[in-house]
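Per-entry structural report
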Amino acid sequence: MVCWALRRVGQVPAHLARKASGICGGHEHQPLGPRPAATGAPGRAVELLGKSYPQDDFSNLSRKVLSKVGRNLHNQPQHPLWLLKERVKQHFYARHAGRFSVYDDLSPVVTTWQNFDSLLVPAGHPSRKKGDNFYLNATHMLRAHTSAHQWDLLRAGLDAFLVVGDVYRRDQIDAQHYPVFHQLEGVRLFSRHQLFAGIKDGENLQLFEESSRSAHKQETHTLEATKLVEFDLKQTLTRLMTHIFGDGLDIRWVDCYFPFTHPSFEMEINFHGEWLEVLGCGVMEQQLVNSAGAQDRIGWAFGLGLERLAMILYDIPDIRLFWSEDERFLRQFRVQDINQKVTFQPFSKYPAVINDISFWLPRENYSENDFYDLVRTIGGDLVEKVDLIDKFEHPKTHRTSHCYRITYRHMERTLSQREVGGVHQAVQEAAVRQLGVEARF
């Protein structure tokens, strides 16, 4: 298991670091699920953040993604993601009297146990697929969510914390998706006394019972405890979104499913007449809480994407802009007050160059995310989006053909057809060589 060196964010009172040193104490994770056996291939390794990870059949990290590790946009002063993070921190410090500790520099390299098993994700769950994640090897990966740190922090004795960091997922290519983005996670636990304090006849109420699971509660929770935790969670998040977007914000809650919370909800806000999903949350699964050593507590958790919120709040149209070093972008967010209203002013949008690529798929082991990752690796941020525009199955051979439209557009200058042609040819050749497709170009 990775030993986490946790350094608290500045401005957090010293007493909030209670028991945090235990996170690096070399404790054993409790066996919530099976751990994969290491299958390192001798002689091949990935060097990342000062450590070496042997490669095996799970290894699928691209140069493009590796180049982003350690950039930590959320910790770069005056970056829009930093501004948003600081606003959330400010709100929690003000509203919760320093109760929440903040961790924003945890290593993005986690074990598969931390990313999945500690969160009760079943062994065969689709979210574990190589096609959706970036694996260093069978036992280590780049975290797919900041929830990967929940168990360690709870085990260290923390009962209220925020985690902010870069997360990594293989996904489609368009203006809203990027293989690296940033999440902010929040967790709060309650003792029986904390939850029922101020409640009429609260001394007679209990957190736990043995009953059956329903759509409204877990089998181990009383309905009274569940409803109070749910109320506190929704009130906390409503206040947070109002702090960010202003008074008069229309909010609605949508029931949903997450493996690590129940009941679970998504928050949607009405912004400029459109309902937008901005975060997921819920009452923490008691099995997770118990395994981390907090059997006498009940709690809630939430997670939100900083890029998604920033794109809404600052009217940023393309997720690639967050990685831009263009002064025309960065200087718009150099403000004296982190709460100052900023509306991104687009600079000239350079013309797109569009090329198509079509090929017959191999009989097996083809993943669209493998193709998107290949395009990202070769084309980098020249690629604005990739659309699957045609699928065809041959009536006799039953082979399937895909045709993708790749839109190339540089955010800072005009691209020539010759320049794009070289990149596109490299994509074609790599698709045949690496993915086993048969060219139709």
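Residues numbered from 1 in each chain as written. Predicted model: local features only at pLDDT ≥ 70, side-chain atom pairs only at ≥ 80, totals over all residues. Heavy atoms only, no water.

The chain has the name Phenylalanine--tRNA ligase, mitochondrial in an unreviewed UniProt entry, where Moschus moschiferus is given as its organism. The UniProt entry for the chain carries the following text under Subcellular location (unreviewed entry): "Mitochondrion matrix". The UniProt entry for the chain carries the following comment under Function (unreviewed entry): "Is responsible for the charging of tRNA(Phe) with phenylalanine in mitochondrial translation. To a lesser extent, also catalyzes direct attachment of m-Tyr (an oxidized version of Phe) to tRNA(Phe), thereby opening the way for delivery of the misacylated tRNA to the ribosome and incorporation of ROS-damaged amino acid into proteins." (UniProt positions renumbered as here; feature names shortened; annotations may be inferred.)

1. A few points about the nonpolar core
In summary, soluble globular proteins display a tendency toward joint burial of nonpolar side chains. Counting 75 residues, the largest nonpolar core has Leu142, Met241 and Phe245 as its most contacted members. Here the element with the most residues in this core is helix 6 (residues 223-245); it accounts for 8 residues. Excluding residues that lie within four positions of it along the chain, Leu142 makes contacts with Leu48, Leu61, Val65, Val69, Pro108, Val109, Phe134, Leu136 and Tyr168. Listed in part, the 26 residues of the second largest apolar core include Leu153, Phe260, Leu288 and Ala301. (Core = buried A, V, L, I, M, F, W, Y, C linked by side-chain atoms within 4.5 Å. Buried < 20%, exposed > 50% of the residue type's maximum accessible area, 1.4 Å probe, protein only. Helix = DSSP H or I, 4+ residues; strand = E, 2+ residues; numbered from the N terminus. Contact = heavy atoms within 4.5 Å.)

2. Section: the layout of surface pockets
Of the volumes computed, that of the second largest pocket is approximately 390 Å³. Surrounding the second largest pocket, 15 residues form its lining, Arg170, Asp370, Leu374, Gln434 and Leu435 being those nearest its centre. Listed by contribution, the elements that provide at least two residues to the lining of the second largest pocket are helix 10 (368-379) and helix 11 (417-435). Here the lining of the second largest pocket takes 5 residues from helix 10, the largest share from any one element. In terms of residue class, the lining of the second largest pocket is made up of 5 nonpolar, 6 polar and 4 charged. (1 Å grid on protein atoms, 1.4 Å probe; cavity = no way out; pocket = protein on both sides within 12 Å on 5 of 7 lines; lining within 4 Å. Points joined across faces, edges and corners; volume = space filled by probe spheres on them. Nonpolar A, V, L, I, M, F, W, Y, C, P; charged D, E, K, R; others polar.)

3. With respect to the packing of helix 2 (residues 80-95) against helix 8 (residues 306-314)
The geometry of a pair of packed helices is captured by two quantities: the angle between their axes and the separation between those axes. Two elements in contact, helix 2 and helix 8, have axes separated by 10 Å at closest approach and are oriented at 95 degrees. Classified by the angle their axes make, helix 2 and helix 8 are roughly perpendicular. Where helix 2 abuts helix 8, its residues Pro80, Leu81, Leu83, Leu84 and Arg87 lie against Leu306, Glu307, Leu309, Ala310, Leu313 and Tyr314. Looking at side-chain class alone, the contact of helix 2 with helix 8 contains 9 nonpolar, no polar and 2 charged residues. (Axes fitted to C-alpha atoms, helices over the stretch in contact; angles between N-to-C directions. Parallel < 35°, antiparallel > 145°, perpendicular 65-115°, else oblique.)

4. Quick word on empty space enclosed by the protein
Under the counting rule described, the total for this entry stands at 1 cavity of 30 Å³ or more. Approximately 60 Å³ is the volume attributed to the largest cavity. Lining the largest cavity we find Phe134, Arg169, Arg170, Asp171, Gln172, Ile173, Tyr178, Pro179, Asn369, Tyr372, Asp373 and Arg376. Classifying every residue of the lining of the largest cavity gives 5 nonpolar, 2 polar and 5 charged.

5. Remarks on the UniProt feature "domain: Aminoacyl-transfer RNA synthetases class-II family profile" (unreviewed entry) in the chain
Within this structure's numbering, the places UniProt gives as "domain: Aminoacyl-transfer RNA synthetases class-II family profile" (unreviewed entry) are residues 84-346. Helix makes up 26% of residues 84-346 and strand 26%, whereas the separation of the span's terminal C-alpha atoms amounts to 20 Å.

6. Side note on the pattern of salt bridges
Within this structure, the stated rule accounts for 26 salt bridges. Here Lys64 ties to Asp381 by a salt bridge, and the two come within 3.2 Å at their closest N and O atoms. Taken together, the residues span a long stretch of sequence, with Lys64 in helix 1 (residues 63-66) and Asp381 in the loop between helix 10 and strand 13 (383-393) at a distance of 317 residues. The same class applies to Lys64 as to Asp381, namely buried. With its nearest N and O atoms 3.8 Å apart, the salt bridge here joins Glu230 to Lys227. Taken as a pair, Glu230 and Lys227 lie in helix 6 at a separation of 3 residues, close to a single helical turn. (Salt bridge = Lys/Arg side-chain N within 4 Å of Asp/Glu carboxyl O.)

7. Things to note about helix 8
Judged by how many residues are buried, helix 8 sits mostly within the fold: 8 of 9 residues are covered. Leu306, Glu307, Leu309, Ala310, Met311, Ile312, Leu313 and Tyr314 are the residues of helix 8 that are buried. Residue Asp315 follows helix 8 closely and has a positive phi angle near 60 degrees.

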